[in-house]
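Letter by letter, the chains look like this.
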Number of protein chains: 2
Amino acid sequence: MIQYFSEETSVETVNARMGTTTTPRMAEVMSSLVKHLHAFAKEVHLTQAEWDIGIEFLTKTGQICSGERQEFILLSDVLGFSMLVDAINNRRPAGATENTVFGPFHVENAPIRTMGENISLDGKGESCLFEGKVLDLHGNPIDGACVDVWSDNADGFYDVQQPDIQPKWNNRGRFITGRDGLYAFRGIKPTSYPIPDDGPVGKMLAQMGRHPYRPAHMHFLVTAPGFHKLVTHTFVGDDPYLDSDAVFGVKQTLIAPFERLEDADTLWRSPFDFMLTPE
Amino acid sequence: MIQYFSEETSVETVNARMGTTTTPRMAEVMSSLVKHLHAFAKEVHLTQAEWDIGIEFLTKTGQICSGERQEFILLSDVLGFSMLVDAINNRRPAGATENTVFGPFHVENAPIRTMGENISLDGKGESCLFEGKVLDLHGNPIDGACVDVWSDNADGFYDVQQPDIQPKWNNRGRFITGRDGLYAFRGIKPTSYPIPDDGPVGKMLAQMGRHPYRPAHMHFLVTAPGFHKLVTHTFVGDDPYLDSDAVFGVKQTLIAPFERLEDADTLWRSPFDFMLTPE
């Protein structure tokens, strides 16, 4: 008995077509995608005009992508999809530092700097000492961990967004821990900034009544042999966008102290320890 | 109490962010989309590598789109999503002719031809007389209905796919019914053909173990004042792809007779009546 397409049996009809030459994983992922996409259309009774808008939106989102811009990642980010995939793939035991989104602004092979060195090269912003330890789950220091850090400058832009304005490697650096597990560097107290909102995703956000801002944060990528990679940020606790991060990156445990200092080398100090999970 | 992102509460956290300036419909559609996309990622435990593949796939799908090619419509088609949206928006009473996908090859303002005229202008293929009536649900003929028809040629291409090879308006025409509701035209018995499969969607289909073919069909767009627009095809009943249309367009009621004729003006005859629903 042939099952032709009907509204009632749409999912079964489409998924029955899966071929014998596909992989089990491809079949699983695509069948699930079909099931949930169809459930969406049925739940909202998607109109033909809305479907047209969707096709046009996806097309424009693809066409604005370039070597410097990835609008589909932005779309995934603002729908909480990137954070969800990150969460699903990085379930951690209690006590371990939590992951958050990687973001599009990391650059491989930043300069390896000496402990305490200043990563802010443009002289802007309020200076801040970041320091703490890289530890295992028992609180033992990890020797030879690489603490790769990056942030925007005081104007809210990463160096790669302003290659003609900012010094190369501004607000970036890698620090290698010793046997004490300590890391320390000087940077600036980060500032909040909007994600690129002049494209289809920005327009969609506006139509959803949402702003494009991310609360101020410092990025950390912490790696060490024998431990799971940690991709995270620390957030400035008094940021006005902390409760409404456009990409949902904030977690309670990632809100770091930013202490105002008197008579010190920097205006601020932000202590934070990272607890890595064993592989 | 602030709800930061977590795997468990991902949908609620994202949808709680919907702004007060959005429209109720935008909020409804986007909330449902977020819910179902997150359910998909959770159900299959989508890996970071698979997410990367998805981002790259969507980007390439957008970037191959042009004035002549719409790869996102193709994607919607092969996932049964286009047929589903069509079905949701065109629920009809029993007896009414069913809709099917519009497809990308319709051209506005085809020549209005006289009843019985030949639409096949390239001399290829097996000639076929298409005829029948346009009726209301009570079986009364509809006066002044426009029967807009189009098909591929015997090589499996629409005229717009081969503008340098086929005559303009090859296998296209519009026919206006009189008081008897009759329509009749000569064309060719249609041939099955593959959807464009040299892009990301074709590659995806291959990975799903599916072929890209559509069974042979004649397109009809039937309109009349006071009646709902009918977008449909008639299918050739002995086509080898009837049970595996790449875009799921086949419905049992749309499989038409194709009768072999002897000593007639055409080799084939395909009678089919269209029953329109009142507005």
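The sections below set out a description of the structure shown in this document. Remember, it's a predicted structure, so these values are computed and weren't measured experimentally. (Residues numbered from 1 in each chain as written. Chains lettered and ligands numbered in written order. Predicted model: local features only at pLDDT ≥ 70, side-chain atom pairs only at ≥ 80, totals over all residues. Heavy atoms only, no water.)

Looking at the packing of aromatic side chains
All names here are of chain A.
Then step 1. Evaluated as defined, the whole model comprises 27 aromatic pairs over all chains.
Then step 2. Judged by centre distance (5.2 Å) and plane angle (55 degrees), the ring pair of F272 and F274 falls under tilted. An identical accessibility class is assigned to F272 and F274; each is buried.
Then step 3. One aromatic cluster in this structure is built from F130, F175, Y183, F185, F220, F258, F272 and F274.
Then step 4. One cation-aromatic arrangement involves K189 over W268; the distance from NZ or CZ to the ring centre is 4.1 Å.
Then step 5. The ring of W268 is capped by R260, whose NZ or CZ atom sits 5.3 Å from the centre of that ring. (Phe/Tyr/Trp six-rings, centres within 6.5 Å; stacked < 30°, edge-to-face > 60°. Buried < 20%, exposed > 50% of the residue type's maximum accessible area, 1.4 Å probe, protein only. Lys NZ or Arg CZ within 6 Å of the ring centre and 35° of its normal.)

Some details on the pairing of strand β2 (residues 146-150) of chain B
All names here are of chain B.
Then step 1. Of all the 5 residues making up β2, 5 are buried; the element is thus mostly covered by neighbouring parts of the structure.
Then step 2. Neither face of β2 is open: one carries C146, D148 and W150, the other V147 and V149, and all of them are buried.
Then step 3. Here β2 pairs with strand β7 (residues 217-223) via 5 bridges, running antiparallel. Note that in β7 the partner of W150 across the bridge is H219. (Helix = DSSP H or I, 4+ residues; strand = E, 2+ residues; numbered from the N terminus. Pairing = 2+ DSSP bridges.)

A word on the interface of chain B and chain A
Then step 1. In this complex, chain B contributes 74 residues to the contact, which on the side of chain A involves 75 residues.
Then step 2. Carbon and sulfur atoms supply 64% of the area buried between chain B and chain A, which totals about 7,000 Å² over both sides.
Then step 3. Area buried by chain B at its contact with chain A is led by B:Y4, B:F5 and B:R17, which between them contribute 11% of it.
Then step 4. In this assembly, chain B and chain A are joined by 6 salt bridges.
Then step 5. Residue A:R91 pairs with B:E7 through a salt bridge whose shortest N-O separation is 2.6 Å.
Then step 6. Taken together, the connections running from chain B to chain A amount to 36 residue pairs in polar contact (both at pLDDT 80 or more).
Then step 7. The set of elements that each furnish at least two residues to the side of chain B that touches chain A consists of α1 (10-15), α2 (24-44), α3 (48-63), α4 (71-78), α5 (81-89) and α6 (200-207) of chain B.
Then step 8. Examining the composition of the side of chain B that touches chain A, we find that 18 residues originate from one element, α2(B), more than from any other.
Then step 9. Residues belonging to the side of chain B that touches chain A are distributed by class as follows: 36 nonpolar, 24 polar and 14 charged. (Contact = heavy atoms within 4.5 Å. Buried area = accessible area lost by both parts, 1.4 Å probe. Salt bridge = Lys/Arg side-chain N within 4 Å of Asp/Glu carboxyl O. Polar contact = N/O pair within 3.5 Å; in protein donor to acceptor, adjacent residues only side chain to side chain. Nonpolar A, V, L, I, M, F, W, Y, C, P; charged D, E, K, R; others polar.)

Some words on the nonpolar core
Then step 1. Residues A:L46, A:M204, B:L46 and B:M204 are the most contacted members of the largest nonpolar core, which totals 75 residues.
Then step 2. If you tally residues by element for this core, the top one is α2(B), at 10 residues.
Then step 3. For A:L46, the contacting residues outside a window of four places in its chain are A:F40, A:A41, A:W51, B:R25, B:V29, B:F81, B:V85, B:I88 and B:N89. (Core = buried A, V, L, I, M, F, W, Y, C linked by side-chain atoms within 4.5 Å.)

Some details on the packing of helix α4 (residues 71-78) of chain A against α3(B)
Then step 1. With their axes 9 Å apart at the nearest point, α4(A) and α3(B) run at an angle of 125 degrees to one another. By the angle class used here, α4(A) and α3(B) are oblique. Like other packed secondary-structure pairs, α4(A) and α3(B) cross with a definite hand, here right-handed. Of the residues in α3(B), those touching α4(A) at A:F72, A:I73 and A:S76 are B:W51, B:I55, B:L58 and B:T59. (Axes fitted to C-alpha atoms, helices over the stretch in contact; angles between N-to-C directions. Parallel < 35°, antiparallel > 145°, perpendicular 65-115°, else oblique. Left-handed = near helix turned anticlockwise from the far one by under 90°.)

Here we look at α4(B)
Then step 1. Summarising burial for α4(B): 7 of the 8 residues are buried, a large majority.
Then step 2. Buried within α4(B) we find B:E71, B:F72, B:L74, B:L75, B:S76, B:D77 and B:V78.
Then step 3. In this structure, the buried residues of α4(B) make contact with α3 (48-63) and α4 of chain A together with α3, α5 and α6 of chain B.
Then step 4. For α4(B), the capping residue at the N-terminal end is B:Q70, with a side-chain oxygen 2.9 Å from the backbone nitrogen of B:F72.
Then step 5. Positive backbone phi, at 75 degrees, marks B:G80, one or two positions downstream of α4(B).

Some words on the relation of the copies chain B and chain A
Then step 1. Least-squares fitting of chain B to chain A yields an RMSD of 0.0 Å, with the superposition described by an axial translation of 0.0 Å and a rotation of 180 degrees. Such a combination of rotation and displacement between the chain copies is what one expects of a two-fold axis. When C-alpha positions in chain B are compared against the rotation axis, the closest is assigned to B:G62, at 2.0 Å.
Then step 2. By residue overlap, the copies meet face to face through one surface: 100% of the interface positions of chain B are interface positions in chain A. (Least-squares fit on C-alpha atoms with pLDDT ≥ 70 in both.)

Quick notes on the sheet that holds strand β8 (residues 230-236) of chain A
Then step 1. Pairing within the open sheet is mixed, and its 5 strands lie in the order β3-β2-β7-β8-β9 (chain A). Edge positions in the sheet fall to β3 (172-176) and β9 (255-256) of chain A, since each has one partner strand and no second.

Here we look at the sheet that holds β2(B)
All names here are of chain B.
Then step 1. If you walk across this open sheet you meet the 5 strands as β3-β2-β7-β8-β9, and the pairing is mixed. Two strands close off the open sheet at either side, each with one partner strand: β3 (172-176) and β9 (255-256).
Then step 2. Two elements, β2 and β3, share 5 bridges in a ladder whose sense is antiparallel. Within β3, the residue paired with C146 across the bridge is I176.

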